[in-house]
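The residues making up each chain are set out below.
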Amino acid sequence: MKALLDYLLDGEVDAKNIYDALGVSSSTYYRRIKEDGYPDAEELRLVADRFALSYPDLQVRFGLMSHQEVASYFENANVALATVETRRVRPLKLSEMKPRQDAPPL
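Residues numbered from 1 in each chain as written. Predicted model: local features only at pLDDT ≥ 70, side-chain atom pairs only at ≥ 80, totals over all residues. Heavy atoms only, no water.

Engineer: Any chance you could explain helix 2 (residues 15-22) here in plain terms?
Structural biologist: Two residues of an α-helix separated by three or four positions point the same way, owing to the 3.6 residues in each turn. Inspection of helix 2 places Ala 15, Ile 18, Tyr 19, Ala 21 and Leu 22 among the buried residues, and these make up the whole buried set. Axial view of helix 2: buried residues confined to an arc of 155°, hence all on one face. Elements that come into contact with the buried residues of helix 2 comprise helix 1 (2-8), helix 3 (26-32) and helix 4 (41-51). (Buried < 20%, exposed > 50% of the residue type's maximum accessible area, 1.4 Å probe, protein only. Helix = DSSP H or I, 4+ residues; strand = E, 2+ residues; numbered from the N terminus. Arc of directions from axis to C-beta. Contact = heavy atoms within 4.5 Å.)

Listed below in structure tokens is the structure:
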């Protein structure tokens, strides 16, 4: 995983950053990387979240999912993919915000 992260993030990633992302001690990390099932899906999710990487891409790269399985998921799951336009929505200014009518009083 470290070599892939070095490649994807275009630089040297410290092992400490990886085991911090996994929420484990250094000894647990070094023991875990020697095991056959490393990395598992949860470890990939944690690393993807920490380093702002694509979780499905990491799953494909480590053989936990195929490109076809990812494509099939999106075709059958009725999920909407964010487009460039939807990601560029400006957050509301405080003066533009209104209280929710369904919220209980404080």
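Engineer: What is the right way to look at the environment of Ala 21 in this model?
Structural biologist: Within the secondary structure, Ala 21 sits in helix 2. A residue is classified by how much of its surface remains accessible, and Ala 21, at 8% relative accessible area, is buried. For the pair Ala 21 and Arg 45, spaced 24 residues apart in the sequence, the C-alpha separation amounts to 9.7 Å. Those residues in contact with Ala 21 that lie beyond four places of it in its chain are Leu 46, Arg 50 and Phe 51.

Engineer: What am I meant to see in the side chain of Glu 43 here?
Structural biologist: Inspection of the secondary structure puts Glu 43 in helix 4. Among the residues examined, Glu 43 registers a relative accessible area of 11% and is labelled buried. Engagement of the side chain of Glu 43 in a polar contact is seen with the side chain of Arg 32, the distance being 2.8 Å. Beyond its immediate stretch of four places on either side in the chain, Glu 43 contacts Leu 22, Arg 32 and Tyr 38. (Polar contact = N/O pair within 3.5 Å; in protein donor to acceptor, adjacent residues only side chain to side chain.)

Engineer: When you look at the pattern of salt bridges in this model, what are you seeing that I'm missing?
Structural biologist: If the charged atoms of two oppositely charged side chains come close together, the side chains can form a pair. Under the criterion given, the structure shown has nine salt bridges. For Glu 12, the salt bridge identified is with Lys 2, shortest N-O distance 2.7 Å. Pair noted here: Glu 12 is in the loop between helix 1 and helix 2 and Lys 2 is in helix 1, with a separation of 10 residues, a long-range link. Note that Asp 20 and Lys 16 form a salt bridge whose closest N and O atoms lie 2.8 Å from each other. A residue pair is termed a helical-turn pair when its members lie 3 or 4 positions apart in one helix, as Asp 20 and Lys 16 do in helix 2 at four residues. For Asp 20, a relative accessible area of 31% corresponds to the partly exposed category. Several salt bridges share partner residues, and in doing so they unite Arg 32, Glu 35, Asp 40 and Glu 43 into one network. (Salt bridge = Lys/Arg side-chain N within 4 Å of Asp/Glu carboxyl O.)

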